[in-house]
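In case you want the letters, here they are:
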Amino acid sequence: MSKADTLSPEQARERAAYLRDEINRHNHLYYVLDQPEIPDAEYDRLMRELQALETRFPELRTPDSPTCRVGSAPLKDFQEVRHVVPMLSLSNVFSEQELADFNRRVEERLGHGGVVYAAEPKFDGLAISLVYEDGVMVRAATRGDGVRGEDVTPNARTIPTVPLKLQGQRWPALLEVRGEVIMSHDGFEALNRQQREHGKKEFVNPRNAAAGSLRQLDSSITAERPLEVYYYGVGEVSPGWLADTHMERLQQLREWGFRINAHVRKVTGLRGCLGYYNEMLDLRDSLPYDIDGVVYKVDSVAEQETLGFISRAPRWAVAHKFPAQEEMTVVEAIDVQVGRTGKLTPVARLRPVFVGGVTVTNATLHNQDEVERKDVRVGDTVIVRRAGDVIPEIVSVVKSRRPKGLQRFRMPERCPVCGARVERIEGEADARCTAGLSCPAQRREAIKHFASRKAMDIEGLGDKLVDALVEKGLVETPADLYELTHEQLAGMPRMGDKSADNLLRALEKSKHTTLARFIYALGIREVGEATARQLALHFDSLESIMTASIDELQEVEDVGPVVAGHIVNFFREERNREVIGRLIEQGVRWEDAAPRQGKQPLAGNTYVITGTLSSMNRNEARDRLQALGAKVTSSVSKKTTAVICGENPGSKYDKARDLGIEILDEQAFLSLIGER
Ligand code: IVH
């Protein structure tokens with residue numbers, strides 16, 4: 001019998017009210033302030049208790065109940081909502097000059113210089129309006145045409161950053177708050193992964209995904225989508241409540257429980273605006289969500305009123321747009337590149353287009369499945385996206401612009417470089433050239449990898465030079481690099497005496513390395529930096545790695561049967577053993593790995609992990625703890641230092657509570673291992 005079954009109706013009403021407030025408060029602590037007080041498991045327990053009460057006493061289900069975050073019965077269509085205060089749009093500027101003109105007009109109308117602006121990111125999502133009556137969210141609407149929007153109340157209720165009830169004690173009887181519904185990059189990737197797995201259509205970008213998710217007739221679908229809101233303004237509000245400046249108003253909203261973005265700031269004059277723009281432009285790629293510019297708003301509300309509006313946009317605010325990250329262009333060809341491990345990658349050659357701040361001429365198409373899914377054909381008009389430092393990508397084909405008679409792209413059956421057979425193993429996305437190091441493309445890429453910064457770190461040996469050295473037949477394997485002469489190097493294009501000297505010195509220097517780097521540099525399939533480090537730690541010499549069996553290799557963290565197979569195959573190959581022998585003869589060396597040491601800040605501590613962590617799986621969590629010297633066991637006892645609890649923990653959580661053992665939630669765990 002659960003607690004809900006034993007309470008009288010009166011007790012149940014009180015308990016439900018307490019639970020609603022408590023859950024709403026923890027929700028705010030978690031999603032808005034990023035300062036959770038209780039583990040997720042405890043939150044889930046409170047939620048389940050409230051659900052049980054509401055099932056037994058349906059009359060206790062109120063509109064501010066957090067149980068409605070799971071969504072409710074689907075709608076037939078959306079009701080129309082009229083915005084009493086219209087939801088305006090912003091005019092845009094795209095250059096310093098246009099911004100200077102805007103600022104000048106503001107100064108002229110206000111009759112003074114040094115105007116104070118509130119500067120904010122311009123979030124790339126869709127606007128939402130939330131109405132609170134007596135502190136309870138009663139209506140949510142999209143912007144629509146600015147005057148008439150759609151009622152999306154049940155959907156908005158499912159979004160964790162939509163407060164169902166205001167925080168604090170005092171608020172206006174009527175409060176309309178406006179903000180932007182967005183989807184983070186992580187949320188977007190996860191959603192698309194899921195769509196793919198279920199054979200459903202993927203979303204082209206986070207904004208479309210956010211819009212599609214909010215405008216669902218079935219709010220239980222919205223509930224599954226990772227939506228978030230940042231708030232940036234107000235609509236209709238009972239008079240006399242709001243502060244006199246925009247910045248202070250945002251602070252009021254923050255106190256009522258709305259999430260305000262951390263990058264909002266006051267700036268002064270044109271210079272202040274430009275400084276903010278440049279700062280946010282630099283930050284853009286590191287933000288976990290898309291922004292397409294910044295917004296400047298005259299901070300003083302009295303001055304906003306003086307300035308007023310022109311048609312649909314205020315004269316007191318402007319959006320300063322960043323260079324677009326998506327543009328349209330034409331696919332002129334699709335080439336197939338061969339990588340270090342033989343992987344075939346189709347690459348679209350594009351009519352040059354300026355996007356994300358640079359001119360883009362190539363975009364990766366990843367693999368055969370990707371080309372087929374997107375159905376990109378030579379001659380197609382496509383949308384190209386370049387965000388940050390990532391390789392430009394084709395988002396989608398503009399099918400309406402496809403000329404008649406374009407041929408579907410087909411992956412070649414023979415390696416486009418060496419003509420060897422191409423194979424695609426069942427269940428793998430990638431097609432590979434089967435020629436190994438006899439394929440010149442694989443050889444070239446293997447040498448580039450060997451020389452790269454995280455491998456042997458040979459300064460001055462760039463990709464172009466490697467291409468030229470391989471082309472001239474001067475270098476076939478990494479070992480040939482150390483036999484290059486001054487004359488040979490000085491004779492290469494764009495090289496002279498001085499750069500040849502420098503490169504020879506860099507080659508000499510690179511010989512002194514670490515075992516981990518050396519293993520990584522060999523370019524064994526699926527042996528990345530981390531695995532190479534683990535291998536070096538586990539086996540203390542190259543000899544023992546080279547002679548290890550598949551079983552022995554699997555004792556190493558991260559190494560499963562597939563990777564172990566790649567390692568054994570690599571060292572079995574006569575050609576590889578010969579190259580390694582030559583490298584060592586040429587003087588490549590490293591200190592023999594010292595016995596496991598380094599920082600062991602958690603030595604002597606014992607942890608138990610239970611439930612699902614969102615940032616890593618349990619094995620990874622165990623490895624991380626062990627790397628810091630901790631012991632990880634599977635059952636809780638008095639000797640346990642702490643229990644790490646993810647989502648839906650099992651009985652270990654209860655046991656830890658009974659024994660009075662410390663419980664760490666995921667955040668606390670991440671800071672323990674130095675991740676936060
Ligand atoms: S203020 C009167 N602030 O941009 C001013 N809008 O083009 C109304 N947006 O519909 C909007 N970030 O969806 C404002 N920090 C921000 C914004 C922002 C994104 C969107 C919003 C609006 C559109 C206007």
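To start, this report covers the structure provided alongside it.

Criteria and cut-off values
Residues numbered from 1 in each chain as written. Predicted model: local features only at pLDDT ≥ 70, side-chain atom pairs only at ≥ 80, totals over all residues. Heavy atoms only, no water. Helix = DSSP H or I, 4+ residues; strand = E, 2+ residues; numbered from the N terminus. Buried < 20%, exposed > 50% of the residue type's maximum accessible area, 1.4 Å probe, protein only. Contact = heavy atoms within 4.5 Å. Areas by Shrake-Rupley, 256 points an atom, 1.4 Å probe, with all protein chains shown as cover. Arc of directions from axis to C-beta. Core = buried A, V, L, I, M, F, W, Y, C linked by side-chain atoms within 4.5 Å. Near = heavy atom within 4 Å. Nonpolar A, V, L, I, M, F, W, Y, C, P; charged D, E, K, R; others polar. 1 Å grid on protein atoms, 1.4 Å probe; cavity = no way out; pocket = protein on both sides within 12 Å on 5 of 7 lines; lining within 4 Å. Points joined across faces, edges and corners; volume = space filled by probe spheres on them. Pairing = 2+ DSSP bridges. Axes fitted to C-alpha atoms, helices over the stretch in contact; angles between N-to-C directions. Disulfide = S-S within 2.5 Å. Salt bridge = Lys/Arg side-chain N within 4 Å of Asp/Glu carboxyl O. Phe/Tyr/Trp six-rings, centres within 6.5 Å; stacked < 30°, edge-to-face > 60°. Right-handed = clockwise from strand over helix to strand, strands pointing away.

**Re the overall build of the chain**
Link 1 in the chain: Secondary structure assignment for the chain yields 25 helices and 26 strands.
Link 2 in the chain: Seen along its three principal axes, the alpha-carbon backbone of the chain occupies a region of about 85 × 70 × 55 Å.
Link 3 in the chain: Burial statistics for the chain: of 676 residues in total, 48% are counted as buried.
Link 4 in the chain: Looking at the chain alone, contacts between residues at least 24 apart form 67% of all its contacts between residues at least 6 apart.
Link 5 in the chain: With the model as given, the accessible surface of the chain reaches about 33900 Å², and the carbon-plus-sulfur share is 47%.

**Regarding helix α13 (residues 463-471)**
Residues that lie three or four places apart on an α-helix share one face, since the helix turns once every 3.6 residues.
Link 1 in the chain: Within α13 the residues assigned to the buried category are Leu465, Val466, Leu469 and Val470. On an axial view of α13, the arc spanned by its buried residues comes to 130°, and they lie on one face. Exposed residues on α13 whose side chains face more than 90 degrees from its buried face are Lys464 and Glu471.
Link 2 in the chain: In the core, the buried residues of α13 are packed alongside α12 (440-451), α15 (486-490) and α16 (497-510).

**A few points about the side chain of Gln252**
Link 1 in the chain: If you trace the backbone, Gln252 turns up in helix α8 (residues 246-255).
Link 2 in the chain: If we skip the residues at most four places from it in the chain, Gln252 touches Trp241, Leu242 and Ala243.

**Some details on the nonpolar core**
Inside soluble globular proteins, nonpolar side chains tend to come together where they are buried.
Link 1 in the chain: Membership of the largest hydrophobic core comes to 54 residues, with the highest contact counts inside it found for Ile458 and Leu535.
Link 2 in the chain: Discounting chain neighbours no more than four positions away, the residues touching Leu535 are Ile519, Val527, Ile545, Leu553, Val556, Val559 and Ile567.
Link 3 in the chain: Grouped together as the second largest cluster of nonpolar side chains are 31 residues, Val162, Leu214, Val229 and Trp256 included.

**Things to note about the site of the ligand**
Link 1 in the chain: The immediate surroundings of the ligand are formed by 14 residues, with Glu120, Pro121, Phe123, Glu180 and Lys297 found nearest.
Link 2 in the chain: Taking 520 Å² as the accessible area of the ligand by itself, protein coverage stands at 87%.
Link 3 in the chain: Put simply, the parts of the chain that give the shell around the ligand at least two residues each are β3 (116-123) and β10 (291-298).
Link 4 in the chain: Among the elements that take part in the shell around the ligand, β3 stands out by supplying 4 residues, more than any other.
Link 5 in the chain: Of the residues belonging to the shell around the ligand, the class tally is 8 nonpolar, 1 polar and 5 charged.

**Observations regarding empty space enclosed by the protein**
Over the atoms, a rolled probe matching the size of one water molecule traces out where space is still vacant.
Link 1 in the chain: Counted according to the given criterion, the structure contains 2 cavities of 30 Å³ or more.
Link 2 in the chain: Quantified by volume, the largest cavity comes out at close to 80 Å³.
Link 3 in the chain: Split into classes, the residues belonging to the lining of the largest cavity amount to 6 nonpolar, 6 polar and 2 charged.
Link 4 in the chain: Here the second largest cavity is characterised by a volume of approximately 40 Å³.
Link 5 in the chain: Val371, Glu372, Asp375, Val376, Arg408 and Phe409 together form the lining of the second largest cavity.
Link 6 in the chain: A per-class count over the lining of the second largest cavity returns 3 nonpolar, no polar and 3 charged.

**Some remarks on the sheet that holds strand β4 (residues 126-133)**
Link 1 in the chain: Spatial strand order, β5-β4-β7-β8: 4 strands in an open sheet with antiparallel pairing. At either end of the open sheet lies a strand with only one pairing partner, and these are β5 (136-142) and β8 (227-237). Ignoring which end each strand starts from, the neighbouring axes of this sheet average 30° apart.
Link 2 in the chain: The pairing of β4 with strand β7 (residues 174-183) spans 8 bridges and is classified as antiparallel. In the strand pairing of β7, Val131 is matched with Glu176.

**Description of the state of the cysteines**
What is meant by a disulfide is a covalent connection between two cysteines, made through their sulfur atoms.
Link 1 in the chain: Scanning the entire structure with this criterion turns up 0 disulfides.
Link 2 in the chain: With no disulfide partner, Cys433 has as its closest neighbouring cysteine sulfur the one in Cys418, 3.7 Å distant.
Link 3 in the chain: Residue classification places Cys433 among the buried residues on the basis of a relative accessible area of 5%.

**A look at the pattern of salt bridges**
Link 1 in the chain: By the definition in use, this model includes 46 salt bridges.
Link 2 in the chain: Here Arg45 makes a salt bridge to Glu42, at a shortest N to O gap of 3.4 Å. In this pair, Arg45 and Glu42 are both assigned in helix α2 (residues 40-56), 3 residues apart and thus about one turn of the helix distant.
Link 3 in the chain: Salt-bridge contacts for Arg61 lead to Glu54; the nearest nitrogen and oxygen are separated by 3.6 Å.
Link 4 in the chain: It is possible to trace a salt-bridge network through shared partners that takes in Arg196, Glu202, Glu370, Arg373 and Lys374.

**Let's talk about the environment of Asp623**
Link 1 in the chain: Following the sequence through the fold, Asp623 ends up in helix α23 (residues 618-627).
Link 2 in the chain: Put simply, Asp623 and Thr62 are 561 residues apart on the chain and 46 Å apart in space, counted from C-alpha to C-alpha.
Link 3 in the chain: Excluding anything up to four places from it in sequence, Asp623 contacts Glu557 and Asp558.

**Side note on helix α18 (residues 529-538)**
Link 1 in the chain: Of the positions making up α18, those classed as buried are Thr531, Ala532, Leu535 and Ala536. End-on view of α18: buried residues confined to an arc of 135°, all on one side of the axis.
Link 2 in the chain: Buried residues belonging to α18 abut α17 (515-521), α19 (542-547), α20 (550-553) and α21 (561-572).

**What about the sheet that holds strand β23 (residues 606-610)?**
Link 1 in the chain: The strand order across the open sheet formed by 4 strands is β24-β23-β25-β26, and the pairing between neighbours is parallel. What marks the edges here is a single partner per strand, and that holds for β24 (631-633) and β26 (662-664). Here the average twist between neighbouring strands, direction ignored, is 30°.
Link 2 in the chain: Pairing geometry for β23 and strand β25 (residues 642-645), over 4 bridges, is parallel. Residue pairing in the sheet places Tyr607 in a bridge with Ala642 of β25.

**Looking at the packing of aromatic side chains**
Link 1 in the chain: For the structure on display, the rule yields 13 aromatic pairs.
Link 2 in the chain: Seen in terms of ring centroids, Tyr231 and Phe258 are 4.8 Å apart; in terms of plane orientation they differ by 70°. Their pairing is edge-to-face. Within this pair, whereas Tyr231 is found in strand β8, its partner Phe258 is found in the loop between α8 and β9 (265-268), the two being separated by 27 residues in sequence. For the pair Tyr231 and Phe258, one class covers both residues: buried.
Link 3 in the chain: Taken together, a centroid distance of 6.4 Å and an interplanar angle of 80° make the contact between Phe450 and Tyr482 edge-to-face. Here Phe450 is found in helix α12, whereas its partner Tyr482 is found in the loop between α14 (478-481) and α15, with 32 residues between them in sequence.

**What to know about the pairing of β25**
Link 1 in the chain: Taking every second residue as pointing to the same face, both faces of β25 are buried, with Ala642 and Ile644 on one and Val643 and Cys645 on the other.
Link 2 in the chain: Of the pairings in the sheet, the one linking β25 to β26 comprises 3 bridges and is parallel in character. Along β26, the bridge assignment pairs Val643 with Ile663.
Link 3 in the chain: Taking the sense of rotation as the criterion, the β-α-β connection linking β25, helix α24 (residues 651-659) and β26 turns out right-handed.

**Focus: the environment of Arg525**
Link 1 in the chain: Tracing the sequence through the fold places Arg525 in the loop between α17 and α18.
Link 2 in the chain: Sequence spacing of Arg525 and Arg157 is 368 residues, and the spatial spacing of their C-alpha atoms is 48 Å.

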